[in-house]
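# Structural overview
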Amino acid sequence: MSADATSLLARVRLLMVGSDSACATQDERLPRRYFALCIALYVCYLLAMQPALLLDGEMWAEMATNYYANAQAPSLVARLMSTDAGYIPLPQRLLALLFHALALPASSIPYAYSWTAILLTAAMVGSFCLGPFRRVVQSDGLRLLVALSVLALADYETRTFINFTYFAAFFILILSALALVSDKMDAPPGWAWLTPVLMISKPAVVATLPGLLLAAILGRGRRYRWLAAASVVACCAQAAQMLLSRANGAFATPTTTSLPEKLYIGIEYAFGYLGVFTSGRPMRAGFLHPGMYGMAIAALLVALILFRKRRANALIPIGGLAIVFTTLLNALAFGDSWTADLPHLASSSIYRHVIVIFFGVTLIMAGLFANILPTAPPSSGPRRHTAPALFACWLIAAGWTSQAGRLNQQPQFPTINASYWQAQSYRIDSGAPVCVPINPIGWAYLRGCSPLVQELSWGGHSLNFQPISFSSGMGRLTIPIPEAALNGRGIQALAIAVKPTVAREQPFAARIVLTLKDESVRYLTGAMRLKPAGALLLIDASPPVLANQIAAAELQTDVPVEVARKAPSGDAPPALIWFGQ
């Protein structure tokens, strides 16, 4: 690089983060304690708010159908490089391969997947508490508070094994800020070299690459440039796989929006979300448009960088680039819903498609508040509490503390309580054909089995619960036989959604009486712990019975319950899943 170019980059860096020196070396024990505290508090928080995630031992969606299944593939390439929705999730593949190599039984796999995801999430986010990041934010308390707020504001689905690598975006963003303020002889922490692996995970993580490149170019630390170069290679590999998947039909979304329009929509969303997430208020008619509010905040931030050049400013451009490139990616990938009328700004809710935007806003606010104490070391008296206190006031005023409580309520049926992984784990280990429903409803791990008729699914659709007729101490419900759909196939199991008429947890058992055409009768039974919001009842039909031999079927139970129906009517037929060969 020429001397002129080097001088220009140095002036740009000076314009952004100034020339104030890093804080003097401090006792490293407090950052390490905060790191451990962050992990411990996160685990305790989830055990209190969402215990099913860690304690139920049930599979969630692609945990079973993709990661567990592919970990058992005969080819190492298939185990590591199989795609999920068109991209390669390398961290999950490596973990699934590790647990398969350890020969863990099927009953232990959900615990291994979920606990690993939670602990790695806490470690990635909690790393912001560690000593190296004092170069960016000197206040240990502020860094701890930022990490805890990021961990607290995520939905159930984002925390699962299949989605936990969204938090890798926060990890890469804070490393980028560290790289931006690095000195010539600074080396990245050893664990920073996980970045290229984490880049080959969720497509949303790619939105952090521009910030990392900016930091590598402007920062003085040469070794950070090697880290950025390795990350670029990883992103190119992921991009190549996604282009190949797109050519094969993945990511196809019906839209008539042109590329320039999508880019403009992405920029509108960037300013809009900056306004929405900073204020915690969704876009409403009659209020200042979040995009205008976002522009005003952006102007304030630019002025802050120009007139108050401090190392904490590094968080502002890094967070801003994450917001812009996430909204651009979403506008390009979800053109059917991310449209010019900006419907997503009508809500300030956080979910996985916008969580990287929230990370960016959180870092921007942390940089803003840290900037007021530019030279105070971590132990400089009462002033050290000012920035954390202001950040906490922002969290409360913007409504993020109350949203954390709402966001982290324990999910109910049909999101959970639809899995039979633990109950069927012995069959899974045996290698025999299995039909195992998993969470959420409508998903199943299948081997030598397939869903012949699927009338129950997850996705916001009402299950239309209606009570079954009850007389003489027995509830009875006729089950129509979908002969055309079953086409004489062998029935291995049936599943039906059940809810108690009185909202309390209770043991529940039922049977299906099959009257065959030769006038013989078969009794199929199922039992479970029925939750107040309902649960899925799986009724095993081993050995399989041929569908064309069934003359009639009736559900019988001695417990008053409601069952899911195809329509919101008491005489509507029940909605079931028929599994078979």
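All values derive from a computational prediction rather than experimental measurement. (Residues numbered from 1 in each chain as written. Predicted model: local features only at pLDDT ≥ 70, side-chain atom pairs only at ≥ 80, totals over all residues. Heavy atoms only, no water.)

So, about unusual backbone geometry. Note the cis peptide between Phe413 and Pro414, where omega equals 15 degrees. Inspection of the secondary structure assignment puts Pro414 in the loop between α19 (400-407) and α20 (421-430). Of note, the phi angle at Ala61 is positive, near 50 degrees, even though the residue is not glycine. For Ala61, the location among the structural elements is in the loop between α3 (51-55) and α4 (62-71). Relative accessible area serves as the criterion here: at 3%, Ala61 is assigned to the buried category. One non-glycine residue with positive phi stands out, namely Ser472, at about 55 degrees. By the secondary structure assignment, Ser472 is in the loop between β5 (469-471) and β6 (474-478). The exposure class assigned to Ser472 is exposed, which follows from its relative accessible area of 82%. (Helix = DSSP H or I, 4+ residues; strand = E, 2+ residues; numbered from the N terminus. Buried < 20%, exposed > 50% of the residue type's maximum accessible area, 1.4 Å probe, protein only.)

Right, let's get into the state of the cysteines. Tallied over the entire structure, the rule returns one disulfide. The disulfide partner of Cys435 is Cys449, and the S-S distance across this bridge is 2.0 Å. Between Cys435 and Cys449 the disulfide shows an S-S torsion of about 115 degrees. By sign, it is right-handed. Placement of Cys435 in strand β1 (residues 434-438) and of Cys449 in the loop between β2 (443-447) and β3 (450-454) is noted, with a sequence separation of 14 residues between them. Residue Cys44 stays outside any disulfide, its sulfur separated by 12 Å from that of Cys38, the closest cysteine. No disulfide involves Cys393; its sulfur sits 20 Å from that of Cys129, the nearest cysteine. (Disulfide = S-S within 2.5 Å.)

Below, the discussion takes up the confidence of the model for the protein. When pLDDT is averaged across the protein, the result is 90; 92% of the residues are at 70 or more. By mean pLDDT, the top-scoring element of the protein is helix α7 (residues 109-126) (98), and the lowest-scoring one is helix α1 (residues 3-17) (67). (pLDDT = per-residue confidence, 0-100.)

This next bit is on the sheet that holds strand β8 (residues 506-516). The five strands are arranged β5-β6-β11-β8-β9 in an open sheet whose pairing can be described as antiparallel. Edge positions in the sheet fall to β5 and β9 (521-530), since each has one partner strand and no second. Between one strand and the next, the sheet's axes are offset by a mean angle of 25 degrees, whatever the strand orientation. Pairing geometry for β6 and strand β11 (residues 550-557), over four bridges, is antiparallel. When the sheet's bridge partners are listed, Arg476 is paired in β11 with Gln556. (Pairing = 2+ DSSP bridges. Axes fitted to C-alpha atoms, helices over the stretch in contact; angles between N-to-C directions.)

Moving on, we get to the nonpolar core. Among the nonpolar cores identified, the biggest contains 184 residues, and Tyr113, Phe277, Phe359, Trp421 and Trp578 are the most heavily contacted of them. Not counting the four nearest positions on each side in its chain, Trp578 is found in contact with Ser450, Pro451, Leu452, Val453, Ile479, Pro480, Ile481, Pro482, Leu486, Ile491, Ala493 and Leu494. (Core = buried A, V, L, I, M, F, W, Y, C linked by side-chain atoms within 4.5 Å. Contact = heavy atoms within 4.5 Å.)

Overall, the coordinates contain 11 salt bridges when judged by the stated rule. Across the salt bridge formed by Asp140 and Arg143, the nearest N and O atoms sit 2.7 Å from each other. You can see Asp140 and its partner Arg143 sitting in helix α8 (residues 140-152), three residues apart, about one turn around the helix. The exposure class assigned to Asp140 is buried, which follows from its relative accessible area of 5%. Classification of Arg143 as buried rests on a relative accessible area of 0%. A salt bridge links Arg352 to Glu157, with the shortest nitrogen-to-oxygen separation between them at 3.3 Å. Residue Arg352 is found in the loop between α16 (315-333) and α17 (355-370), and its partner Glu157 is found in helix α9 (residues 156-159); the two are separated by 195 residues along the sequence. Residue classification places Arg352 among the partly exposed positions, given a relative accessible area of 24%. For Glu157, a relative accessible area of 17% gives the class buried. (Salt bridge = Lys/Arg side-chain N within 4 Å of Asp/Glu carboxyl O.)

Before going further, it helps to examine the packing of aromatic side chains. Applying the stated criterion across every chain, the model contains 25 aromatic pairs. Where Phe170 meets Phe359, the ring centres are 5.8 Å apart and the plane angle is 70 degrees; that geometry is what we call edge-to-face. Linking Phe170 in helix α10 (residues 168-180) with Phe359 in helix α17, this pair joins segments that are 189 residues apart in sequence. Across the pair, Phe359 and Phe170 agree in class, each one buried. Aromatic side chains Phe391 and Trp394 sit 5.4 Å apart centroid to centroid with 55 degrees between the ring planes, which places their arrangement in the tilted category. On the criterion of helical spacing, the pair formed by Phe391 and Trp394 is a turn pair, its members being three residues apart in helix α18 (residues 386-397). Across the pair, Trp394 and Phe391 agree in class, each one buried. A network of ring pairs unites the aromatic residues Phe128, Phe133, Phe167, Phe170, Phe171, Trp191 and Phe359 as a single cluster. (Phe/Tyr/Trp six-rings, centres within 6.5 Å; stacked < 30°, edge-to-face > 60°.)

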